[in-house]
Amino acid sequence: MSSPSCEMDKDWDTSVQFLPASDNKKLEKKKGPGKVGAVIGVVIFLAVIALMTGLLVWHFHFRKDVRVKRMYSGSIRIINQVFEDAYENSSSSEFKALANQVTSQLKVIYSKSPQLAKYYVGSTVQAFSEGSVIAYYLSEFRVPVGQEAAVDNAMSSMDKLVDKARRSFHTPGNALVFEDVMSSGRAKTQTTDISLDTRLLSTSFSDSFKFSEHARTDHIGQIQSPGFPDSPYPSNTFLQWELRADPNHVIKLEFDTMNLEANCKNDFVKIYDSLVAIERRIMEELCGYYSPSSPLTFMSSGNVMLVTMATNDKKNYPGFRAKVSQVPRGSKALTCNGHLTGERGTFSSPNFPNYYPPQTRCEWSITVDPGKVVKVTFRKFLLSKSGLENSKDCWKDYVEVNGKKVCGEQPDRTVTETSKTNTMSVVFFSDASYVGRGFDAEFEAIDSNDPCPDQFQCRNQRCIKKELQCDGWNDCGEMSDELNCKCSSKDISCKNGLCKPMFWKCDGVDDCGDGTDEENCGCQAGQMKCKNNKCVSEKNQCDGRDDCGDGSDELNCGRVASGVTCTDLTYRCKNNKCISKVNPECDGTRDCEDGSDEENCDCGRSMFKTSRIVGGQDADEGEFPWQVSLHVKNSGHVCGASIISPRWLVTAAHCVQDDGRTRSYPTPTTTNTPTTMNDIALMELDGPVTYSDHIRPVCLPAAQHDFPAGNTVWITGWGATREGGFAAPVLQKAQVRIINDSVCNNLMGGQITSRMLCAGVLSGGIDACQGDSGGPLSNPSGNRMFLAGVVSWGDGCARRNKPGIYTRVTKFRGWINEKTGV
Ligand code: ARG
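Summary of the structure given here. These numbers were taken from a predicted model, which means no experiment stands behind them. (Residues numbered from 1 in each chain as written. Predicted model: local features only at pLDDT ≥ 70, side-chain atom pairs only at ≥ 80, totals over all residues. Heavy atoms only, no water.)

As a further point, take the side chain of Lys375. As for its placement among the helices and strands, Lys375 is situated in strand β18 (residues 372-382). In this structure, Lys375 is buried with no salt-bridge partner, the nearest side chain bearing the opposite charge being Glu444 at 5.2 Å. Within the structure, Lys375 has its side chain in polar contact with the backbone oxygen of Gln461 (distance 3.3 Å). Residues within four places of Lys375 in sequence aside, it is in contact with Thr416, Glu417, Thr418, Glu442, Phe443, Glu444, Ile446, Gln461, Arg462 and Cys463. (Helix = DSSP H or I, 4+ residues; strand = E, 2+ residues; numbered from the N terminus. Buried < 20%, exposed > 50% of the residue type's maximum accessible area, 1.4 Å probe, protein only. Lys, Arg positive; Asp, Glu negative; His and termini not counted. Salt bridge = Lys/Arg side-chain N within 4 Å of Asp/Glu carboxyl O. Polar contact = N/O pair within 3.5 Å; in protein donor to acceptor, adjacent residues only side chain to side chain. Contact = heavy atoms within 4.5 Å.)

To continue, consider a nonpolar patch on the surface. On the surface, Val36, Ile40, Ile44, Val48 and Met52 cluster together into a nonpolar patch covering about 470 Å² of accessible area. Summarising the element assignment, Val36 is placed in helix α2 (residues 34-61). (Patch = residues over 30% accessible without salt bridge, like charges linked within 9 Å, V, L, I, M, F, W, Y side chains within 5 Å. Areas by Shrake-Rupley, 256 points an atom, 1.4 Å probe, with all protein chains shown as cover.)

For the rest of this paragraph, the subject is the sheet that holds strand β35 (residues 636-643). The strand order β34-β35-β36-β38 describes an open sheet built from four strands, whose pairing is antiparallel. The outermost strands of the open sheet, each flanked by one partner alone, are β34 (627-632) and β38 (681-684). This sheet shows a mean twist of 45° between the axes of neighbouring strands, independent of strand direction. Summarising the sheet, β34 and β35 pair through six bridges and their orientation is antiparallel. For Val628, the partnering residue across the bridge sits in β35 and is Ala641. (Pairing = 2+ DSSP bridges. Axes fitted to C-alpha atoms, helices over the stretch in contact; angles between N-to-C directions.)

Right, let's get into the site of the ligand. Around the ligand sit 17 residues, and of these His654, Asp767, Gly771, Ser773 and Gly796 come closest. One of the side-chain N or O atoms of Ser773 is found 2.6 Å from an oxygen atom in the ligand. In this structure, a nitrogen atom belonging to the ligand sits 3.1 Å away from a main-chain N or O atom of Ser792. Burial of the ligand by the protein amounts to 97% of the accessible area it has alone, namely 350 Å². (Near = heavy atom within 4 Å.)

What follows covers the sheet that holds strand β4 (residues 178-183). What the four strands build is an open sheet, ordered β2-β3-β1-β4; its pairing is antiparallel. Two strands lie at the open edges of the sheet, namely β2 (120-130) and β4, each paired on one side alone. Along the sheet, successive strands turn relative to each other by an average axial angle of 25°, direction set aside. Here 12 bridges tie strand β1 (residues 67-78) to strand β3 (residues 133-144), and the two strands are oriented antiparallel to one another. By the bridge assignment for β3, Met71 is matched with Glu140. Where helix α5 (residues 148-156) meets the sheet, it contacts β1, β3 and β4, and its direction lies at approximately 5° from that of β1.

This paragraph deals with unusual backbone geometry. Residue Gly131 is joined to Ser132 through a cis peptide bond whose omega torsion reads -25°. Among the secondary structure elements, Ser132 is positioned in the loop between β2 and β3. For the bond running from Phe228 to Pro229, omega is 0°, close enough to zero to count as cis. In this fold, Pro229 is placed in the loop between β6 (221-224) and β7 (237-244). Within the chain, Asn236 stands out as a residue other than glycine whose phi angle is a positive 45°. Looking at the secondary structure, you find Asn236 in the loop between β6 and β7. Relative accessible area serves as the criterion here: at 17%, Asn236 is assigned to the buried category. A positive phi is found at Tyr434, a non-glycine position, where the angle reads about 60°. Position of Tyr434 relative to the elements: it lies in the loop between β23 (423-430) and β24 (438-447). Classification of Tyr434 as partly exposed rests on a relative accessible area of 21%.

Another aspect to go through is the pattern of salt bridges. One pass over the full model with this rule turns up 30 salt bridges. Between Asp256 and Arg321 there is a salt bridge, with the nearest N and O atoms lying 3.2 Å from each other. Residue Asp256 is found in strand β8 (residues 249-259), and its partner Arg321 is found in strand β14 (residues 319-328); the two are separated by 65 residues along the sequence. A single salt-bridge network, built from bridges that share partners, covers Glu88, Lys210, Glu242 and Arg244.

See the structure below:
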């Protein structure tokens, strides 16, 4: 800590000496030529005046002509035409004839609005589809700077203009009759600008392509990004795929690969429930990586769909591939209404666990035996979150039960409702834009007088096992099972009224929340507590003798240069002398005589200033530059790993074990007990990686490095974001704490060895999971991160009382050095 500021002081000194020298020269010059100075002053003054005049003239004469290109997409239904197959082909004469008619009528429509008429450039019809005929078009305007909002507004009330135009058509005989006009623009309810996505207007696209695919009952189509799977997709390219199905069918788009850059600002795929890129009809925007084992399937509401892809000049990835098929309207996969009866049953949103179609309404009515009531529990609840950011009411997609609307994403089994009578209706609604994976629910008939037979009823109506009441865990989700408790003798009675398991006492973590469980953990007054829990007199501390028996009373004694007796806990310098300071490596202070504790310290830092893993959040780009995703050919991501040098990675042994078959992405099993006691592996790269802002190594801790219980550590990975769930497309990060070894061993049924390290949140909810294996457990120390552990195993994921188990890297420090030289 003190040495970096010393270095800074040195730099500063140099510059202080430098400045007066140059100042002196300036002063010398200034003394002489007074008149020349005055002349220069006048010249500069005149020049400024001239420049200002020029600017003013430019501003008033030309500036109002600065116009920006503004594109709007839209669709319009033509009710007095019949769809012909030739309309699918934009080079047919039939297409061209109808397109001409549409564009000339659009011109008439825009002429009814003074704002639009002035700036209108022209329109092009992009496509037609059935119903009677729907035309999809783009209209271009050149709008003076500052007038954009007015034009947006005019565009969003285009339906009124169409009415106006219709009334004034004097030759109704051959005119097209328009209905259901929809255009991008700024609607009153929308807070975001929805003219065409500005990323698409960028002039940097060097290429753009349009493909079409018509799925039929006997034909399943396929679309893919250019070059897939042999080469990465091209840069600066805009691509569109128009997908169609026969009338009375919907499109099913099924991705088997989706592997794009993680930042949607650079490269993205968008899926629309339309044939033109209109944001009011967007179903989803995709970027980053989706594991092939998590299904990614979309359904349209009509018989058309549009997929667009845009790439910029940075980094290109493998891309995507998807199947295009058609599903008859009213087929089983899509019907969602129903009358449900019986003691219990299940129902789910259409296409679950895949994305539900937009513009869908379902209603289930459930009836149970008279005298009983209906209880519905949502096992999964994943409706689209888009558009809900700034509003609490469910104005987009929602489920309505008992007149109560629920929306967004909710934790498993936390949404439950009970009816007052023996019937209940559940409504599911999806609006025109953004879709989600939907819900999966169960219902049961219950006795209204005893809604939780032999169970405890939470305030939120959940039923939990009686034993879970007052056990120290928040099982209800709103704490009602942990209030007003009389703690048993097996429990700590926290001062705040909670009961916590006795084995949490003195584990270094404040489990009560008010510190009760960590009080009176020490030794008697005048004594210190050793690492091995022995109590020794404080006088014995740093007296040069090992009184604890593990050397812990001789740590951090400040005796440096001469060195101390080496123990398991002291740091051994390169010259084999030992120092008593705890974790001296790379802490910015030179502690070893030979400076070896500060060698090889270009590690553990991200180059950016920043502040699933289950219960995590998206990591920032470059925040964990040592995190690696290990891929197996044809199955994508399988495990994590960490960079420790340009040539070497550390991962878990079970990630690289060849079980005879090609290893597939770890399937979500509940328990995966340790396959090996030494779950660590080193991987040597074919060639060295070049470090950059996004690629750097993590620090390896010395064998004696102490990671005490209670330390906050980071876990990161692309693994499942819930037990049995799907992989994360964006790297997830979460904070957990190191857990006391003996507490952990008790919780895990005695399976913990000294080569393992436990970390987690004992109340559950945050943990590594399938697919995170091999990845880092990063412990911040000073301004660096040290590799404390390697994701290894667990009992399920994020379960209460079941921490994640990591390979303890310090135990393998010597071996790592021996094999890699790092
Ligand atoms: N073994 C798992 C994998 O292969 C990682 C398990 C980690 N589990 C946990 N609950 N922390 O990806």
